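Fold and geometry: a report
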Amino acid sequence: MSRDLYWIWLSLRMGPGREGVVSLLEHFGSPQGVYEADARELTDYFGSSKRRLCEALQNKNLDEAYSIDQYCSKNRITI
């Protein structure tokens with residue numbers, strides 16, 4: 001699986017310019033680490049203050065990220 005896929009997935013879940021991405025990546029190590037985190041790990045990290053974001057990151061569906069990755073690859077767009 002493309003490493004870019006997890007970056008795309010994370011950007012779709014977090015939204016553009018989301019505050020806290022750097023600390024999230026530092027905590028989980030990488031976008032793939034965030035993807036692989038289970039509900040309990042995400043809840044422990046965010047607490048109750050960011051319930052919606054926590055729920056968004058629990059959505060592990062990669063279909064849209066895969067489509068974007070394929071489109072970029074086909075059209076020679078680098079990420």
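Below you will find a few notes about this structure.

**A closer look at the overall build of the protein**
A count of helices and strands for the protein gives six helices and zero strands. Seen in sequence order, the protein has helices and strands lined up from the N terminus as α-α-α-α-α-α. By the compact-globule yardstick of 12 Å for 79 residues, the protein fits well, its C-alpha radius of gyration being 13 Å. Principal axes of the C-alpha set define a box for the protein whose edges measure 40 × 20 × 20 Å. Sequence separation of 24 or more characterises 57% of the internal contacts of the protein that already satisfy a separation of 6 or more. Of the roughly 5,600 Å² of accessible surface on the protein, a fraction of 47% belongs to carbon and sulfur atoms.

**Notes on the pattern of salt bridges**
Tallying each qualifying case throughout the model produces one salt bridge. Here R51 and E55 are joined by a salt bridge, their closest N and O atoms 3.2 Å apart. Linking R51 with E55, this pair stays in helix 5 (residues 51-57), spanning four residues, or about one helical turn. Taking the relative accessible area as the measure of exposure, R51 reaches 56% and is therefore exposed.

**Some details on the side chain of D69**
Inspection of the secondary structure assignment puts D69 in helix 6 (residues 63-74). Given a relative accessible area of 13%, D69 falls into the buried group. If we ignore the near neighbours within four places in the chain, the residues touching D69 are S2, D4, L5, I8 and I79.

**Re the nonpolar core**
Counting residues in each nonpolar core, the largest one holds 19 residues, and the members touching the most others are W9, L10, L24, V34, L42, F46 and L57. Discounting chain neighbours no more than four positions away, the residues touching L24 are L10, M14, V34, Y45, F46 and L57.

**Points about helix 1 (residues 3-14)**
The end-to-end C-alpha separation of helix 1 is 17 Å, in line with the 16 Å expected for twelve residues at 1.5 Å each. Elements in contact with the buried residues of helix 1: helix 2 (21-28), helix 3 (31-36), helix 5 and helix 6.

**Quick notes on the packing of helix 1 against helix 2**
Closest axis-to-axis distance for the helix 1/helix 2 pair is 13 Å, and the angle between their directions is 135 degrees. Here helix 1 lies oblique to helix 2, going by the angle between them. Of the two elements, helix 1 crosses helix 2, and the hand of that crossing is right-handed. Here helix 1 contributes W7, L10 and M14 to the contact with helix 2, which in turn contributes V21, L24 and L25.

Cut-offs and rules
- Residues numbered from 1 in each chain as written.
- Predicted model: local features only at pLDDT ≥ 70, side-chain atom pairs only at ≥ 80, totals over all residues.
- Heavy atoms only, no water.
- Helix = DSSP H or I, 4+ residues; strand = E, 2+ residues; numbered from the N terminus.
- Rg over C-alpha atoms; globule rule 2.2 N^0.38 Å.
- Contact = heavy atoms within 4.5 Å.
- Areas by Shrake-Rupley, 256 points an atom, 1.4 Å probe, with all protein chains shown as cover.
- Salt bridge = Lys/Arg side-chain N within 4 Å of Asp/Glu carboxyl O.
- Buried < 20%, exposed > 50% of the residue type's maximum accessible area, 1.4 Å probe, protein only.
- Core = buried A, V, L, I, M, F, W, Y, C linked by side-chain atoms within 4.5 Å.
- Expected span 1.5 Å × (residues − 1).
- Axes fitted to C-alpha atoms, helices over the stretch in contact; angles between N-to-C directions.
- Parallel < 35°, antiparallel > 145°, perpendicular 65-115°, else oblique.
- Left-handed = near helix turned anticlockwise from the far one by under 90°.

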